[in-house]
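In case you want the letters, here they are:
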Amino acid sequence: MSAGIFYKSTRYCLYQRSVLANVTGTVFNWARCAAYLHCNHSKDSGRCRFISCPRSVERKYFSSHGDDNSNGDFSESRYKLPRRLVKRLQRQGITEDEFLSKLQAAEEESHTRQKEWNADQELNSTVKEYLVNKLPHYSEASDIPEFPSDMPKYRIWKNKGKRDNTEANYGVDPSVTSVVLFPGQGSQFVGMGKNLLQYPGVNELYEEASHILGYDLLKLCLEGPKSDLDKTIYCQPSVMITSLAAVERLREEHPNAIENCVGTAGFSVGEFAALVFAGVLNFPDAVAAVNIRAKAMQVASEKHASGMMTVFLAHDSKLKEAMAMAKEYCEERRGIRRPICMVANYLFPECKVIAGHAAALEFISTNYKEFGLLRTKRLPVSGAFHTQLMKFAINPLEDTLRKIQINKPKIPVYSNLTGQKYHVKANFAHKLAQQLVKPVKWEQTMHAIYERNQGTAFPQTFELGPSKQMGTLLKQVNMRAFKSYYNIEV
């Protein structure tokens, strides 16, 4: 910073207690000290470089002016520090010579930087002059972009990025576009699919899936029993295929919702339904992959006594401390090596799903009030999904996905793993496999889909699948977007 513009009243600066505190603090800012105290005198005038620097201040702080042999060095012959500053330095164990030597080093560094900056400016001016003379489309030096934001291509890209994420066709009113959401495991119920059989293609869908799976899927969905339907190996294929059957009903009743869809997402196994809907996976490959996924997760869940639990939070809840203490309890009292207790699902700000060893969940459910949690609820699942306890299932699923054809998405698909859109060249096999051991970032996904400028309309949202869980979560995250929510009954 130039000494000339540092402050108009040098007398005021040098005498302020706060300034002296900065100058003589425990941790010295030598460059600032140099800016305050150094005065580069001219051989001709002997004037100080400070603006409006009174002679009285010069006489008080600087002992010599107009010395022709002056070379800018700090020395006692040229500078006389105020007694108050000297005493303050002595109290901190700093000698006057040490103080002045530090100021001299800071000044030299400042001069070096100034020379480098001047050299850069000279080089830039030379380049600009060359461009103006050699390139005919540059008539003046001011036409040359100095920053990326000066370039037309950059401005076009930046303005495009500011537009709403959910608008695939920017000429279309956002209120007539649609977003399709697919539920995950836990939404199943006996009788699902009954309201879809009358629509074209639904029976064929169930028949093809039953042939791949090796059991009558439609009968299981319609008649149960519930104990079998709730098992992971049957639940995941049932939910995904019923959700895709609901697409056929949406196609018949709301064809514009399919044509104007600008984004899709699915919760956990529902992401496979979203990928089929977007054209990334074909139906038979998705059914086979989900079947492998369900079996591998079932086997992994049987290796440990584990589970999942919903926790409802207040603003002062200490969930991290609760999980840390639960793991400590498992390790010290239960003898569990490397216990797992972590957030598995981010649902909305006041609600998370945690998963891990059963003993850790039991500890938190017993002592939840000690950590400021409002209440807890165990989920009827067989394992700690989306935690490291599912690492056994990674390789079988990833190997299966690498053998099938994966296409570019026709519409944006949002990933549970990142909460953002899949890139067209994303490694889908790796990301879908990592989803097994990483939390589902559903709350972050909802923010990414519905984020828009104030006053911009929201798209219509359709939930395709059993129950209305995705609508309930959307209501908690974004009430304005929920006003355009519709459920397709199955």
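These remarks concern the structure in this document.

The rules we used
- Residues numbered from 1 in each chain as written.
- Predicted model: local features only at pLDDT ≥ 70, side-chain atom pairs only at ≥ 80, totals over all residues.
- Heavy atoms only, no water.
- Salt bridge = Lys/Arg side-chain N within 4 Å of Asp/Glu carboxyl O.
- Helix = DSSP H or I, 4+ residues; strand = E, 2+ residues; numbered from the N terminus.
- Buried < 20%, exposed > 50% of the residue type's maximum accessible area, 1.4 Å probe, protein only.
- Arc of directions from axis to C-beta.
- Phe/Tyr/Trp six-rings, centres within 6.5 Å; stacked < 30°, edge-to-face > 60°.
- Lys NZ or Arg CZ within 6 Å of the ring centre and 35° of its normal.

### Here we look at the pattern of salt bridges
Scanning the model with the defined rule gives seven salt bridges in all. Among the salt bridges present, the one from Glu109 reaches Arg113, with a minimum N-O distance of 2.6 Å. Within this pair, Glu109 and its partner Arg113 are both found in helix 6 (residues 96–134), separated by four residues, close to a single helical turn. The class of Glu109 is partly exposed, set by a relative accessible area of 41%. By relative accessible area, Arg113 is classed as exposed at 55%. Two residues, Asp230 and Lys226, come together in a salt bridge whose shortest N-O distance is 2.6 Å.

### Some remarks on helix 17 (residues 394–402)
Those residues of helix 17 that sit buried are Ile394, Leu397, Glu398, Thr400 and Leu401. Projected onto a plane normal to the axis of helix 17, the buried residues spread over an arc of 160 degrees and lie on a single side.

### Examining the packing of aromatic side chains
Taken as a whole, this structure holds nine aromatic pairs when the rule is applied. With a centroid separation of 5.5 Å and an interplanar angle of 65 degrees, the aromatic rings of Phe267 and Trp442 are classed as edge-to-face. Residue Phe267 is found in the loop between strand 2 (261–266) and helix 13 (270–277), and its partner Trp442 is found in helix 19 (residues 442–450); the two are separated by 175 residues along the sequence. Overall, the relative accessible area of 10% leaves Phe267 in the buried class. For the ring pair Phe482 and Tyr485, a centre distance of 5.4 Å and an interplane angle of 20 degrees mean the geometry is stacked. Judged by relative accessible area, which is 21%, Phe482 ranks as partly exposed. An aromatic cluster of three or more residues is present, and its members are Tyr329, Phe363 and Phe371. Lying across the ring of Phe392, Lys303 places its NZ or CZ 4.8 Å from the centre. The ring of Phe312 carries the charged tip of Arg375 above its face, separated from the ring centre by 3.9 Å.

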